[in-house]
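# Descriptive analysis of the structure
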Number of protein chains: 2
Amino acid sequence: MKNEQGDVLPPRDFESLRSLIIERRAALPKRLVQVARYFLDHPDEIAFGTAASIASAAAVQPSTLVRFAHQLNYDGFSDLQKVFQGRLRERTSNYDDRLKALKNTKQDKPEETQLLNGFMAAAQKSLQDFSSSIDIETFARSVGILANADTIYLVAKRRSYPLIAHMAYAFGKLRIKNCIIGSPNGIDAEIAELATPRDAALAISFSPYSADSVAHAQMMVRTQVPLVAITDSAFSPLAVCAREWIEIAEADYSGFRSLSASMTLCMALPVAVAEARR
Amino acid sequence: MKNEQGDVLPPRDFESLRSLIIERRAALPKRLVQVARYFLDHPDEIAFGTAASIASAAAVQPSTLVRFAHQLNYDGFSDLQKVFQGRLRERTSNYDDRLKALKNTKQDKPEETQLLNGFMAAAQKSLQDFSSSIDIETFARSVGILANADTIYLVAKRRSYPLIAHMAYAFGKLRIKNCIIGSPNGIDAEIAELATPRDAALAISFSPYSADSVAHAQMMVRTQVPLVAITDSAFSPLAVCAREWIEIAEADYSGFRSLSASMTLCMALPVAVAEARR
DNA sequence: ATATTGTCAGAATATATATTCCATTATTTG
DNA sequence: CAAATAATGGAATATATATTCTGACAATAT
């Protein structure tokens, strides 16, 4: 079968595909117009359905779907379907931006530009994911726990340390008693023992969880200190023992995980706690 | 295979499933815990992937996925997968719900939601502004200076301290000699004096500039140490004396300035330096 | 009116995918 | 420590699914 477009590569992103379908629709045979219409009207169904289910919903034969895909220069129905799946996958993060950024980088300075843009993209994605996944009730309860505490003990090591470094600064500025358990002086355990049920602990750790952080958090939980955790999974050792826990799944660029979402949360928390105390 | 839950019907909505997995996690064998974890951490992947692709991503056998599904009383992997697909359908199909949810929250809990959204917005804006204003040449030259240094001295206080705390960690991981001048032990000046022209300094400070940071940076410049600065204005005392300087204007929410753009830059820098050294 | 080209449904086939099974390896229990 | 039990990985199998093929039909041109 010959196609008037020759063997041009088919679009891989949804928007281009959409335009292509609209443009071609006029020149298509009857059944294929019917398919085109169904595809544009029910993109979600296309993403999840099987060829058979979609065919019957659109009142055509499965083979017609394959012909339609071929007409658009795709390998087959499955290939075309991937574009619809991609659309849903990227719904949360802004697909266009990332694509645009990637295109730009490929031209001028591959090394540094790509690197920087990669980290920027990861940061943006982290923020977007977090803002769509955060449960405000959990956040509010966490704030409540910390607001009722006498002293707030801050637990974090290694990669997460900068987060509590900032919180210690912010709490200090806001005149809220706090104490870091993450310093390199080796008496963390002793300090952790000073915490009472009238205090509260805030622990931050992401996979692979720092053994020390987990140990200190657990120690405090054992002595009835209310624990709020910020971590990346329901199975994190912190999540399982915390009174409240907030999930953050940071995006990464070539193995280096972002800190943007966590940092933003760590900026909001002290302010929220201060507000709650007033 | 007999299951302690008998033949209770498995959950058909994502939230119930999530709870069920968390509840059962403890009683599950090792591999199945691993699967459980992957499922909850990467729900989107589960929705679209094939058993084979998911299995390899989670580092288990496809058969393990089936066993996991059976353990939860599903017919098989495909049956379980449908729940994950359903979640995505819900989430994307009615945009209205999310909007409604946002409105509701504004009534219920104006305090926390507004606060958190405000910080998120500031973070996003910072990233966007920075990504459109950054001069990649400057970044590349800064990386060059740091890559040629023997030891990298990191200068920052107060609000900027978490940034170099992260860099010290990153440089350390990348086996790049570095030294923090920002610790509270009072011998910063003495340490700064050790720097030679073969080293380099990286100073970070935003208005109002920390007197100490500025003093230390200037001291090093006087002894011919190449200085790279990250600051917020061309008139910053750091900008005027640095060999290279990168401008970052963070957005703020009710007076609290974001750290997202700076942090992202501080994640990219060490990696770029390490690449340049290779 | 007839040849030609294009379209289609449905059957046949190829391929991808999930699932089951079994031998081997861990783990528990007496 | 030995025996029993459960868990695991990998191959074999069953099933679902997409794709191709064929002949019939319809539209169009000659």
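First, a word on scope: everything that follows refers to the structure included in this document. (Residues numbered from 1 in each chain as written. Chains lettered and ligands numbered in written order. Predicted model: local features only at pLDDT ≥ 70, side-chain atom pairs only at ≥ 80, totals over all residues. Heavy atoms only, no water.)

## So, the packing of aromatic side chains
Residue and element names in this part refer to chain A. Taken as a whole, this structure holds eleven aromatic pairs over all chains when the rule is applied. One aromatic cluster is present, built from ring pairs that chain together F14, F39, F68 and F84. Lying over the aromatic face of F14, R87 brings its terminal NZ or CZ to 4.9 Å of the ring centre. (Phe/Tyr/Trp six-rings, centres within 6.5 Å; stacked < 30°, edge-to-face > 60°. Lys NZ or Arg CZ within 6 Å of the ring centre and 35° of its normal.)

## Some details on the packing of helix α2 (residues 30–41) of chain A against helix α5 (residues 62–71) of chain A
Residue and element names in this part refer to chain A. Across the interface, α2 lies against α5 with an axial gap of 10 Å and an inter-helix angle of 85 degrees. It follows that α2 is roughly perpendicular to α5 by the angle criterion. Between α2 and α5, the contacting residues are R31, L32, V35, A36 and F39 on the first element and T64, L65, F68 and Q71 on the second. Here the residues of the contact of α2 with α5 are counted per class, giving six nonpolar, two polar and one charged. (Axes fitted to C-alpha atoms, helices over the stretch in contact; angles between N-to-C directions. Helix = DSSP H or I, 4+ residues; strand = E, 2+ residues; numbered from the N terminus. Parallel < 35°, antiparallel > 145°, perpendicular 65-115°, else oblique. Contact = heavy atoms within 4.5 Å. Nonpolar A, V, L, I, M, F, W, Y, C, P; charged D, E, K, R; others polar.)

## Things to note about the protein's contact with DNA strand C
With respect to spatial proximity, 17 residues lie near DNA strand C, and among them R31(A), Q61(A), A51(B), H70(B) and F77(B) are the closest. Backbone atoms, meaning sugar and phosphate, make up 76% of the atoms of DNA strand C lying within 4 Å of the protein. In the model, a phosphate oxygen of DNA strand C is placed 2.7 Å from a nitrogen or oxygen of the A51(B) main chain. Elements represented by at least two residues in the surface near DNA strand C include exactly α2 and α5 of chain A together with α4 (51–57), α5 (62–71) and α6 (77–93) of chain B. Considering each element in turn, the surface near DNA strand C owes the most residues, four residues, to α5(B). Across the surface near DNA strand C, the residue classes tally to six nonpolar, eight polar and three charged. (Near = heavy atom within 4 Å. Polar contact = N/O pair within 3.5 Å; in protein donor to acceptor, adjacent residues only side chain to side chain.)

## Description of the sheet that holds strand β1 (residues 152–155) of chain A
All names here are of chain A. Within the open sheet, the five strands sit side by side as β2-β1-β3-β4-β5. Their pairing is parallel. Across the chains shown, the open sheet's two edge strands, defined by having one partner strand only, are β2 (178–181) and β5 (244–247). Within the sheet, the average angular offset between the axes of one strand and its neighbour, ignoring direction, is 15 degrees. Two strands pair when backbone bridges link them, and β1 and β2 are joined in this way by four bridges, in the parallel orientation. The residue of β2 that forms the bridge with I152 is N178. Contacts from helix α12 (residues 211–222) reach β1, β2, β3 (200–204) and β4 (227–231), with the element oriented near 150 degrees to β1. The strands touched by helix α14 (residues 260–277) within the sheet are β1, β3, β4 and β5, with β4 carrying the most contacts at an inclination of about 155 degrees. (Pairing = 2+ DSSP bridges.)

## A closer look at the interface of chain A and chain B
On the side of chain B, 58 residues touch chain A, which itself brings 60 residues to the contact. Summed over both partners, the interface of chain A with chain B buries about 5600 Å², with 71% contributed by carbon and sulfur atoms. Of all residues in chain A, F48(A), L116(A) and F235(A) bury the most surface against chain B, accounting for 14% of the area lost on that side. For the pair chain A and chain B, the number of links is one salt bridge. As a salt-bridge pair, R18(B) and E247(A) come within 3.5 Å of each other at their nearest N and O atoms. (Buried area = accessible area lost by both parts, 1.4 Å probe. Salt bridge = Lys/Arg side-chain N within 4 Å of Asp/Glu carboxyl O.)

## Describing unusual backbone geometry
Residue and element names in this part refer to chain A. For the peptide bond that leads from S207 to P208, omega is -5 degrees, which places it in the cis range. As for its placement among the helices and strands, P208 is situated in the loop between β3 and α12. Of note, the phi angle at N73 is positive, near 75 degrees, even though the residue is not glycine. Tracing the backbone shows N73 in the loop between α5 and α6 (77–89).

## Some details on the protein's contact with DNA strand D
Inspection of the region around DNA strand D gives 16 residues, with A51(A), H70(A), F77(A), R31(B) and Q61(B) positioned closest. Taking the atoms of DNA strand D that fall within 4 Å of the protein, sugar and phosphate contribute 74% of them. Taking A52(A), its main chain carries an N or O atom lying 3.3 Å from a phosphate oxygen of DNA strand D. Note that a base oxygen of DNA strand D is positioned 3.2 Å from one of the side-chain N or O atoms of S63(B). Contributing elements (two or more residues each) for the surface near DNA strand D: α4 (51–57), α5 and α6 of chain A together with α2 (30–41) and α5 of chain B. Grouping the constituent residues of the surface near DNA strand D by class yields five nonpolar, eight polar and three charged.

## Observations regarding the pairing of β4(A)
Residues and elements named next belong to chain A. For β4, the buried fraction is high: five of the five residues fall into the buried class. Of the pairings in the sheet, the one linking β3 to β4 comprises four bridges and is parallel in character. For I204, the partnering residue across the bridge sits in β4 and is I230. Across four bridges, β4 lies against β5 in parallel orientation. Bridge pairing links A229 to W245 in β5. (Buried < 20%, exposed > 50% of the residue type's maximum accessible area, 1.4 Å probe, protein only.)

## Considering helix α12 (residues 211–222) of chain B
Residues and elements named next belong to chain B. For α12, built from twelve residues, the straight-helix expectation of 16 Å at 1.5 Å per residue is met to within 8% by its first-to-last C-alpha distance of 16 Å. Listed in full, the buried residues belonging to α12 are S213, V214, H216, A217, M219 and M220. Of the surrounding elements, those touching the buried residues of α12 are β1 (152–155), β2 (178–181), α11 (188–193), β3 (200–204), β4 (227–231) and α13 (237–241). Positive phi shows up at Q224, right after α12, with a value of about 70 degrees. (Expected span 1.5 Å × (residues − 1).)

## Comments concerning the nonpolar core
In this structure, F139(A) and F139(B) are the most contacted members of the largest nonpolar core, which totals 89 residues. When neighbours within four sequence positions are excluded, F139(A) is seen to be in contact with I134(A), I246(A), L265(A), A268(A), L269(A), A272(A), E112(B) and L116(B). In terms of nonpolar packing, the next biggest core, distinct from the first, is built from 58 residues, A47(A), A47(B), I54(B) and F77(B) among them. (Core = buried A, V, L, I, M, F, W, Y, C linked by side-chain atoms within 4.5 Å.)

## Structural notes on the pattern of salt bridges
Pairs can form between side chains of opposite charge once their charged atoms are near each other. All names here are of chain B. Per the counting criterion, the structure on display carries 17 salt bridges over all chains. A salt bridge links D41 to R37; the shortest N-O distance between them is 3.4 Å. With D41 and R37 both in helix α2 and four residues apart, the pair spans about one turn of that helix. Relative accessible area serves as the criterion here: at 23%, R37 is assigned to the partly exposed category. The salt bridge partner of D150 is K177, with a shortest N-O separation of 3.2 Å. One end of the pair, D150, is in the loop between α9 (136–147) and β1; the other, K177, is in the loop between α10 (161–173) and β2, and 27 residues separate them in sequence. Residue class for K177 comes out partly exposed when judged on its relative accessible area of 48%.

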